[in-house]
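# Examining the three-dimensional arrangement
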Amino acid sequence: MALLMVYAGLRCCEVSAFRPEHLAQQADGSWWVVVPHGKGGKAASVPIPHDIAEQVKAYPGWDVSTQTVQKVVRDALKAVGSTATPHQLRHYYGTSVLRSTQNLRYTQDMMRHSSPTSTARYTKVTNDELSNAAEGLPRIA
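The sections below set out a description of the structure shown in this document. The shown structure was predicted, so the numbers you read here are calculated from the model rather than taken from an experiment. (Residues numbered from 1 in each chain as written. Predicted model: local features only at pLDDT ≥ 70, side-chain atom pairs only at ≥ 80, totals over all residues. Heavy atoms only, no water.)

## Some points on the overall build of the protein
The condition that has to hold: A run of H or I in DSSP becomes a helix once it reaches four residues, and a run of E becomes a strand once it reaches two; helices and strands are each numbered from the N terminus. When a residue's accessible area, from a 1.4 Å probe over protein chains only, is under 20% of the maximum for its type it is buried; when over 50% it is exposed; and in between it is partly exposed. Only heavy atoms matter for contacts: two residues are in contact if any of them lie within 4.5 Å across the pair. The charge count treats Lys and Arg as positive and Asp and Glu as negative. His and the chain ends do not count. By convention, the charge on Lys lies at NZ, on Arg at CZ, on Asp at CG and on Glu at CD.
A count of helical and extended segments in the protein gives 8 helices and 3 strands. Its helices and strands taken in sequence order, the protein reads α-α-β-β-β-α-α-α-α-α-α from the N to the C terminus. Along the longest, intermediate and shortest principal axes, the C-alpha atoms of the protein span 65 × 40 × 30 Å. Expressed as a percentage of its 141 residues, the buried residues of the protein come to 31%. Taking the contacts inside the protein whose residues are at least 6 apart along the sequence as the reference set, 54% of them involve residues at least 24 apart. Counting 15 positive and 11 negative side-chain charges, the protein places the centres of these two groups 8 Å from one another.

## Regarding the packing of aromatic side chains
Going by this rule: Centres within 6.5 Å are what make two rings of Phe, Tyr or Trp a pair, Trp counting through its six-membered ring; a difference in plane orientation under 30 degrees is then read as stacked, over 60 as edge-to-face, and the rest as tilted.
For the structure on display, the rule yields 2 aromatic pairs. Ring centres of Phe18 and Trp62 lie 5.9 Å apart, and the angle between their planes is 35°; this geometry places the pair in the tilted category. Here Trp62 lies in the loop between helix H3 (50–58) and helix H4 (66–79) and Phe18 lies in the loop between helix H2 (12–16) and strand E1 (23–25), a separation of 44 residues in the sequence. Of the two residues, Phe18 and Trp62, both sit in the buried class. A centroid spacing of 5.4 Å and a plane angle of 50° characterise the contact between Tyr59 and Trp62, whose relative ring orientation is tilted. A relative accessible area of 14% places Trp62 in the buried class. Ring pairs connect the aromatic residues Phe18, Tyr59 and Trp62, which therefore count as one cluster.

## Re the environment of Val97
With respect to the secondary-structure elements, Val97 resides in helix H5 (residues 86–101). Put simply, Val97 and Met111 are 14 residues apart on the chain and 9.0 Å apart in space, counted from C-alpha to C-alpha. When neighbours within four sequence positions are excluded, Val97 is seen to be in contact with Gln102, Thr107 and Met110.

## As for the side chain of Arg11
Heads up, the condition is: Here a polar contact is taken to be a pair of N or O atoms separated by no more than 3.5 Å, where protein atoms must pair a possible hydrogen donor with a possible acceptor and residues adjacent in sequence count only if both atoms sit in side chains.
Secondary-structure assignment places Arg11 in the loop between helix H1 (2–8) and H2. The exposure class assigned to Arg11 is buried, which follows from its relative accessible area of 14%. Among the polar contacts listed, one links the side chain of Arg11 to the side chain of Glu14, at a separation of 2.8 Å. In contact with Arg11, other than residues within four places in its own chain, are Lys39, Arg90, Met111, Arg112 and His113.

Now the structure itself:
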């Protein structure tokens, strides 16, 4: 469950509705998670790393409520000493995608947000990243 949250950005309600047939391999070999009923009832698909898809594919699936997903993931996080909440895994996903791609539009699409303003609230920018951006500015001779 947590893998789908961390590597596909799924919400707890989307994880509870996940079925193995929602994992689809494309002709190019990439794996995508089909989200038939996302927030606002919108269908969407998001890419998922190949190795994570293989792990999810090996699991037989589940039939649980959103509350059960929240509890199972929260308990798993506590078991490893984390104070994170299940929803914070979505924030982690958004921040990780932004850092990986350096592209807010990609991040917006992968998080399935209609507005970049929503995406910006989910992503964390550190002072180090801001300093590195300043250092990377072209110099005028």
